[in-house]
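Reading the structure
Listed here are the chains, written in short residue letters.
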Amino acid sequence: MWLTPEEVALKNALKLWVTEKSNDYFVLQRRRGHGDTGGKITGLLVGALDTVLDSNARVAPFRILLQVPGSQVSWVIASGATAEEVQKHWKWLDQNLLPYMSVFENKQDAASFAQGKVKGLIAEEVLGGQAALEDDPARFREVLARFEQRFGLPQQEKLVAHYSCCCWKGRVPRQGWLYLSTNHVSFYSFLLGKEVKLLVPWVEVTGLERASLGLMTDVIRVRTRQRQRDFSMFLNVDEVMTVMSQLADLALRRLLDSGGLEVDKSLQQATNVTKRVLEHQALRQYVLSLFGLPRSEKLQEVMNCSMWTPHARCHTPGKLYTTDSYMGFSSRQEGQCTLLIPLAEVQSIEKAESTSALPNPVIISVKSKKAFQLIELVQRDELVENLTDRLRALHWRQAMFRGHNQRKKSQVNRAVNLWADSKSIRYIRFRKYHKAEWLEVRVWGDHFEEFGRGVHMFRTDKIRKLVAMGIPESLRGELWLTFSDAFSSLAAHPEYYADLVSKCMGETSIATEEIERDLHRSLPEHAAFQNQTGIAALRRVLTAYAHRNPNIGYCQSMNILASVLLLYAKEEEAFWLLVTVCERMLPDYFNHRVIGAQVDQSVFEELIRERLPSLAESVPDLSPLASVSLTWFLTLFLSVLPFRSALYVLDCFFYHGIKAVFQLGLAVLDANAAELCASTDDGQALMTLTRYEILLNLCFTLQRMDFVFQTEHFISLYWGDGVRTPPEPRAVSRGYTESYHVDCAQFKSLYALLAPWPCGSHTDTVAQRTFTLLDQNRQNRISFTQFARWLDTLYCEDFNEKVRLLYRLHIPPGELTGTYQETIHSFSIAFNTGFFQEHDKVTVSFLQQREFVQFCKTLCNMFHGDRAENELFQAIAMVTSLVLQIGEARHKGRTSGAEPKEGESPDQAASSVSASEGDWTASFEQILASLLTEQALVNFLERPVDLSAKIASAKEQQYHVRAGLLMIQHQKTR
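Within an unreviewed UniProt entry, the label attached to the chain reads Rab-GAP TBC domain-containing protein, and the organism entered is Pygocentrus nattereri.

**Comments concerning empty space enclosed by the protein**
On inspection of all chains with the given rule, the structure shows 7 cavities of 30 Å³ or more. Space inside the largest cavity adds up to approximately 90 Å³. Contributing to the lining of the largest cavity are 14 residues, with Y751, W757, V766, L794 and L806 lying nearest its centre. When residues of the lining of the largest cavity are traced back to their parent elements, those giving at least two are α32 (763-774), α33 (784-796), α34 (799-809) and α35 (849-863). Counting residues per element, the lining of the largest cavity draws most heavily on α34, at 3 residues. Here the lining of the largest cavity is built from residues that sort into 12 nonpolar, 2 polar and no charged. Size it by volume and the second largest cavity reaches roughly 60 Å³. Lining the second largest cavity are L178, V185, S186, F187, L198, V200, V222, R229 and F231. Residue contributions to the lining of the second largest cavity peak at 3 residues, all from strand β8 (residues 184-191).

**Brief notes about the UniProt feature "domain: EF-hand" (unreviewed entry) in the chain**
Feature annotation in UniProt assigns "domain: EF-hand" (unreviewed entry) to the following positions: residues 762-797. Taken as a whole, residues 762-797 contains 69% helix and 6% strand, while its terminal C-alpha atoms sit 23 Å from one another.

**So, the side chain of S489**
Its location among the elements puts S489 in helix α16 (residues 486-492). Setting aside residues no more than four positions away along its own chain, S489 makes contact with W576 and R584.

**Section: the pairing of strand β6 (residues 159-169)**
For β6, the tally of buried residues reaches 8 of 11 residues, placing the bulk of the element in the interior. In textbook terms, the turn of a hairpin is the stretch between consecutive antiparallel strands, and for β6 and strand β7 (residues 172-181) this stretch comprises 2 residues, one of which, G170, has a positive phi near 70 degrees. In this structure, β6 lies alongside strand β12 (residues 228-232), joined through 3 bridges in antiparallel fashion. Along β12, the bridge assignment pairs W168 with D230.

**Some details on α32**
The end-to-end C-alpha distance of α32, which contains 12 residues, comes to 16 Å, matching closely the 16 Å that a straight helix rising 1.5 Å per residue would cover. Regarding α32, the residues found buried are T763, V766, A767, T770, F771, L773 and L774. Down the axis of α32, the smallest arc covering the buried residues is 160 degrees, so these residues share one side. Looking at the buried positions of α32, the neighbouring elements they touch are β20 (741-742), α31 (744-754), β21 (782-783), α33, α34 and α35.

**A few points about the sheet that holds strand β18 (residues 362-366)**
As summarised here, the arrangement of the 7 strands in space is β16-β15-β14-β13-β19-β18-β17, forming an open sheet in which the pairing is antiparallel. Edge strands, defined here as strands with exactly one partner in the open sheet, are β16 (338-342) and β17 (346-351). Along the sheet, successive strands turn relative to each other by an average axial angle of 30 degrees, direction set aside. Sheet topology places β17 next to β18; 5 bridges connect them, and they run antiparallel. When the bridges of β18 are listed, S348 appears paired with S365.

**Structural notes on the confidence of the model for the chain**
With 75% of its residues at a pLDDT of 70 or more, the chain has an overall mean of 77. Note on residues 816-844: pLDDT is under 50 here. Beyond four places in sequence and across chains, it has 88 contacts.

**Quick notes on the packing of helix α20 (residues 558-568) against helix α25 (residues 643-656)**
α25 packs onto α20 with a crossing angle of 85 degrees between their chain directions and a minimal axis gap of 12 Å. Relative to α25, the element α20 is oriented roughly perpendicular. Across from L561, V564, L565, L567 and Y568 in α20, the residues of α25 making contact are F643, L647, L650 and F654. Per-class residue counts for the contact of α20 with α25 are 9 nonpolar, no polar and no charged.

**A short note on the packing of aromatic side chains**
Inspection of every chain in the model, using the stated rule, returns 32 aromatic pairs. Ring geometry for W444 versus F448: centroids 6.0 Å apart, planes at 50 degrees, classification tilted. Taken together, the positions of W444 and F448, both in helix α13 (residues 438-451) and 4 residues apart, correspond to about one turn of that helix. Each member of the pair W444 and F448 is classed as buried. Between F747 and F787, the aromatic rings sit 6.1 Å apart at their centres with planes inclined by 90 degrees, giving edge-to-face as the arrangement. One end of the pair, F747, is in helix α31; the other, F787, is in helix α33, with 40 residues separating them in the sequence. Both residues of the pair, F747 and F787, belong to the buried class. Members of the aromatic cluster, connected to one another through ring pairs, are F747, Y751, F771, F787 and W790. Over the face of the ring belonging to Y568 we find R476, whose NZ or CZ atom lies 5.4 Å from the ring centre.

**Remarks on the packing of α33 against α34**
For the pair α33 and α34, the least separation of the axes is 8 Å and the interaxial angle reads 130 degrees. As the angle between them shows, α33 and α34 are arranged oblique. In contact with W790, T793 and L794 of α33, α34 contributes E801, K802 and L805. Broken down by class, the residue content of the contact of α33 with α34 amounts to 3 nonpolar, 1 polar and 2 charged.

**Quick notes on the sheet that holds β8**
Overall, antiparallel pairing links the 7 strands, which are arranged β9-β8-β7-β6-β12-β11-β10 in an open sheet. Bordering the open sheet on either side are β9 (194-201) and β10 (205-213), each of which pairs with just one other strand. Going across the sheet, the axis of each strand differs from the next one's by a mean of 30 degrees, ignoring polarity.

**Observations regarding the environment of L66**
Residue position: L66 is located in strand β4 (residues 62-67). Here the alpha-carbon distance between L66 and A111, two residues 45 residues apart in the chain, equals 7.2 Å. Apart from the residues within four sequence positions on either side, L66 is in contact with Y25, F26, S74, W75, I77, M101, A111, A114 and Q115.

**Concerning the side chain of E801**
Here E801 shows up in helix α34. Within the local environment of E801, its side chain forms a polar contact with the side chain of R804, the two groups lying 3.2 Å apart.

**What about helix α14 (residues 461-468)?**
Listed in full, the buried residues belonging to α14 are I463, R464, L466, V467 and A468. Just past α14, the residue G470 takes up positive phi, approximately 110 degrees.

Definitions and cut-offs
- Residues numbered from 1 in each chain as written.
- Predicted model: local features only at pLDDT ≥ 70, side-chain atom pairs only at ≥ 80, totals over all residues.
- Heavy atoms only, no water.
- 1 Å grid on protein atoms, 1.4 Å probe; cavity = no way out; pocket = protein on both sides within 12 Å on 5 of 7 lines; lining within 4 Å.
- Points joined across faces, edges and corners; volume = space filled by probe spheres on them.
- Helix = DSSP H or I, 4+ residues; strand = E, 2+ residues; numbered from the N terminus.
- Nonpolar A, V, L, I, M, F, W, Y, C, P; charged D, E, K, R; others polar.
- UniProt positions renumbered as here; feature names shortened; annotations may be inferred.
- Contact = heavy atoms within 4.5 Å.
- Buried < 20%, exposed > 50% of the residue type's maximum accessible area, 1.4 Å probe, protein only.
- Pairing = 2+ DSSP bridges.
- Expected span 1.5 Å × (residues − 1).
- Arc of directions from axis to C-beta.
- Axes fitted to C-alpha atoms, helices over the stretch in contact; angles between N-to-C directions.
- pLDDT = per-residue confidence, 0-100.
- Parallel < 35°, antiparallel > 145°, perpendicular 65-115°, else oblique.
- Phe/Tyr/Trp six-rings, centres within 6.5 Å; stacked < 30°, edge-to-face > 60°.
- Lys NZ or Arg CZ within 6 Å of the ring centre and 35° of its normal.
- Polar contact = N/O pair within 3.5 Å; in protein donor to acceptor, adjacent residues only side chain to side chain.

Here is the structure:
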């Protein structure tokens, strides 16, 4: 093999090489120790050194040097694995090069001529070989030669990357080289005469993970069905892990290509797969996932910049990503702010005058008469030119498409009549909720004014919270289209759906037969699908999609999803939402082998092992859970949740993507981990998961609590003093609000039904204090959201927050320094890093002696009747004594401490405190620290209470109340 001329010192080379033959300009050498059959120590050491240093000499023990007569410096120009190979090169040099070199008078010029000739030979070989696409073709060509020599794989095997590392065998590391090719992961090592070769096909790899091995933390573990291999000592372990993951994924997709998994076009040819291509592909996949873009989009530019964000009133630093049809901005702080602008919405892209305050600005104007400003673009001119070219081409294609549609207008009009009457479907549900949802719509309207509306809306943490709380009925269709970017597909293909319907209706195929069989199984309980209007619309949407994408056709569960989409979007909009879900948000899910869903099931099992290790240890074989969780992923929980509950899941899915389903699935398992761990067989575990109450208890206790709250509300409306009207618009909070309210009497009734700790005769007093705390606006009513947050604190919060709430109940209302809503958690499923979203806490006032006495009395009443009553009374007595001592130390001479006497109750001890006008006070931190010293108190407040049982009991009691009231009413009418 010809080599790029590399200078070597001849005197040093002679120690490791033996000269076989030479002439005036060339020297043929053999590696010392090569060919020795006696196992001499010299040969062993040289071979080990060659492997560790990745020297060419290990696989090519023969070489040819170019030398200048009389000089000690030479250049390596060729190498060979065998004597025959190197002799072939020597013969070529002797016949074709050496005669011409004798013409040169200057020996140095002759050597330069020879070097140039060898480089030309290498260039010719590179153009037709694998190395042509690499960043350093000459270097890669040498590595490729060693790879082919060591493993003897077919020439079609494309080497992608190689890394120096250690392979562990037990506790013994072996230094060598890891080779990553399109179909194999390979390792080679040669130390002290012992050669090690590992060759593992990617299709046999069952697991690939980062692990720890003793003191080694950056270990890559490759698992197959037979065994596992550990590799470490990488210079850049993140890069290696990324390349290995991509190659394993690529091999899997090639294996299952006919079954539904698609291979990216740029990677379909193995010869095109290079390390640089994989790096670009990884960045592209990240961008497509970040903005939810179609898989057909190609990444064009990535630039650092800052964007003007009106809601923050500043320029936010981040990165600009551009693709064929989109521009996307993501803030440097992940999750702070993102923005997506389809090029179809852009009217102009202009450069503005650069100043010191606004360097290299670019103004992007969109059709909604808004403009976005970017600054600090280093390659501004190139960016604007490229975007302008793509925008011009896009406008030309749109003009051509509009002209084509005009010629088919008559056909389109005939097709439109097919679904003209189906618009009524989306309003069947709205009539029921129109009056109750206007408060929520107002909150979203405020958000639109601040952050924009439509596809190019600024997406921040605030909208994520709003989505987690649920989207209003009347906005659900619009926001689903916005979050999924189905609006862009709809706008880019006007009349496409109408034309598709006119072509496919009336045709018969396997897909249409399956659709007809499932039409009446789609939300059969909903009024919209109990008549031919809804059924016909569903038939058209499903048939049109099957005709559009025959590779998928029709798959069960698509009917359920499409029927829900039709309830909140027009028929054409529902079609494009279905297209977006099937082809962009859940690729490879809806085919006969559901490959995408099965892959995500494997990911889900790995997440269970990572996030729920105790469950994974108790249930080593997680495969039985897949029979249940597969339905969650395929139907997005639509088939296992009550309809209203499932809508909240869809809201989060359209905003977050499949991540929402993963997190909700983990939440379900986490809430039932104890029962699953106690299951004695797979059947019992499945029964645990399939019970209807499980999902409700975890995710939608709020909905059942809503029913109890509404019942109390409507009992009051019917039997109370007159009819209450909805609140005025000015009373609407900017937070999430509900249209149901209760007054103080109703709240006391609900308190007695749902409070986790009854307070005996003190219950009415504590309920009154709680209502006063919640009713910050002094309107003598509280909303359902306030009520839910209060219960969330009592049932779901930790010990500190429960004590904080009890502490605030005993502060006079005028002394509160913040609203209650700022001190507790928002009761909503937040699909981000955790299950609940936390708000900041505020500092509260100090308790004086009188309030501290009442605080102690409340705790004593909570303990009354508990099985550990005596121990709790003794504990609160000790806490009372400790707090009094702290107060005495702080205010010597003003307040006298009082310790409870032997046999004296905590109430008596607290009442004996002097009520003088001193400055004795106790802070929340002091009381909390004192309570934490008594484990009995901590155990009492942290003891879990079954809210579901409380709600069930409350519903039964309310039923009896309603029944009694109706009986009284019936007797009066008689």
